[in-house]
Amino acid sequence: DDSPLLFTLDRAFTVTDRSLLKTYAVDDKGRIAKDLKPDFEAMATVAWQGSVWNLILGSGSKKGTRETGLLVSTSGPPVTHARDLAALYQAFAALARFGSGLAVNIEAVAVADGRVYFFNRGNAGRNLLFKLPVAELMAYMTGQTKTVADIQLHEARLPQLQGKEAGFSGADYWPEIHSLVYTASVEGSDNAYDDGAVLGSYLGLIPLSDLKAHAALDLSRSAKLLARGGVPLKTKVESVALTHTESRRAQGALVSDN
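About the criteria used
Residues numbered from 1 in each chain as written. Predicted model: local features only at pLDDT ≥ 70, side-chain atom pairs only at ≥ 80, totals over all residues. Heavy atoms only, no water. Pairing = 2+ DSSP bridges. Helix = DSSP H or I, 4+ residues; strand = E, 2+ residues; numbered from the N terminus. Contact = heavy atoms within 4.5 Å. Axes fitted to C-alpha atoms, helices over the stretch in contact; angles between N-to-C directions. Patch = residues over 30% accessible without salt bridge, like charges linked within 9 Å, V, L, I, M, F, W, Y side chains within 5 Å. Areas by Shrake-Rupley, 256 points an atom, 1.4 Å probe, with all protein chains shown as cover. Salt bridge = Lys/Arg side-chain N within 4 Å of Asp/Glu carboxyl O. Buried < 20%, exposed > 50% of the residue type's maximum accessible area, 1.4 Å probe, protein only.

Side note on the sheet that holds strand β9 (residues 128-133)
With mixed pairing, 5 strands are arranged side by side in an open sheet as β7-β8-β9-β10-β16. In this open sheet, the two strands that pair with only one neighbour each are β7 (106-112) and β16 (217-218). Relative to β16, strand β10 (residues 152-157) runs parallel, the two sharing 2 bridges. Paired with Ala156 across the two strands is Leu217, which belongs to β16. Of the strands in this sheet, β7, β8 (115-120), β9 and β10 touch helix α1 (residues 86-96), which is tilted by about 125° from β9. Strand contacts of helix α2 (residues 134-141): β7, β8 and β9, with the helix running at about 85° to β9, the strand carrying the most contacts.

The structure is reproduced here in structure tokens:
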């Protein structure tokens, strides 16, 4: 979330390529300062009009600097569409009835059955899913439209650890069981900007059939706490990516940012 580069890795997690998303001032470790970083927290591939794109989203947790979205081509000549997401995130905030001082905090995005699911992390706000059609989002991302009209909202309740509710952190789609796979982490912070002590992380499923119009999601009992020997792993899982899926089994990777 603080690098100007998009990295390509092989299955052994070796970096095989990197490309510059946008020019930013970086320190000697290649990191962008916290108050300037675009906070690219969410990414998914989108098949659209015969091409496949990487959809990359800033979290929106700070106005201006964290409200950028990118579409990056995955094949052929490199093509990048950059989009100011302020209008879309304002629509999310209005639909969720956020009060003053609360910011959207998009930590994950997943694409399934012609819909895009934005996962809002409930640090200071609430854990929410925003659902919209792929076609509408892509029209917005490429500047064909100025707004997205068809947005649906789902409230979500996640488990608590040491009195702190987990917050969405990553997502992917498991097509054989028509379900979203999500990660959620718990840290001792009450806002979307500051980091807190890492307490633990969860993994869970959301069947698409549960996402009926305006239906709330109670995930407090179904989410699985990541533990070893009965002791919670103090790791902040930030993302999940599935590499192989079947009807009763999935393989993939969890990525932590501690």
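Side note on a nonpolar patch on the surface
A contiguous nonpolar surface patch, about 370 Å² in accessible area, is contributed by Phe7, Leu9, Phe13 and Val15. Tracing the backbone through its elements, the reader meets Phe7 in strand β1 (residues 5-9). On the basis of relative accessible area, Phe7 is assigned to the partly exposed category, the value being 36%.

Overview of the sheet that holds strand β13 (residues 167-174)
Taken in spatial order, the 4 strands make up an open sheet running β13-β14-β15-β17, and their pairing is antiparallel. A strand with exactly one partner marks an edge of an open sheet, and here the two such strands are β13 and β17 (224-225). For strand β15 (residues 198-207) and β17, the ladder comprises 2 bridges, and the chain directions are antiparallel. Paired with Leu203 across the strands is Lys224, a residue of β17.

Examining the environment of Asp17
Within the secondary structure, Asp17 sits in strand β2 (residues 15-20). Asp17 gets classed as partly exposed once you look at its relative accessible area, which sits at 45%. Each C-alpha atom, one on Asp17 and one on Phe7, is 5.9 Å from the other, the two residues being 10 residues apart in sequence. The residues contacting Asp17, other than those within four sequence positions of it, are Leu6, Phe7 and Thr8.

Remember that the coordinates give geometry; whether it matters functionally is a separate question.
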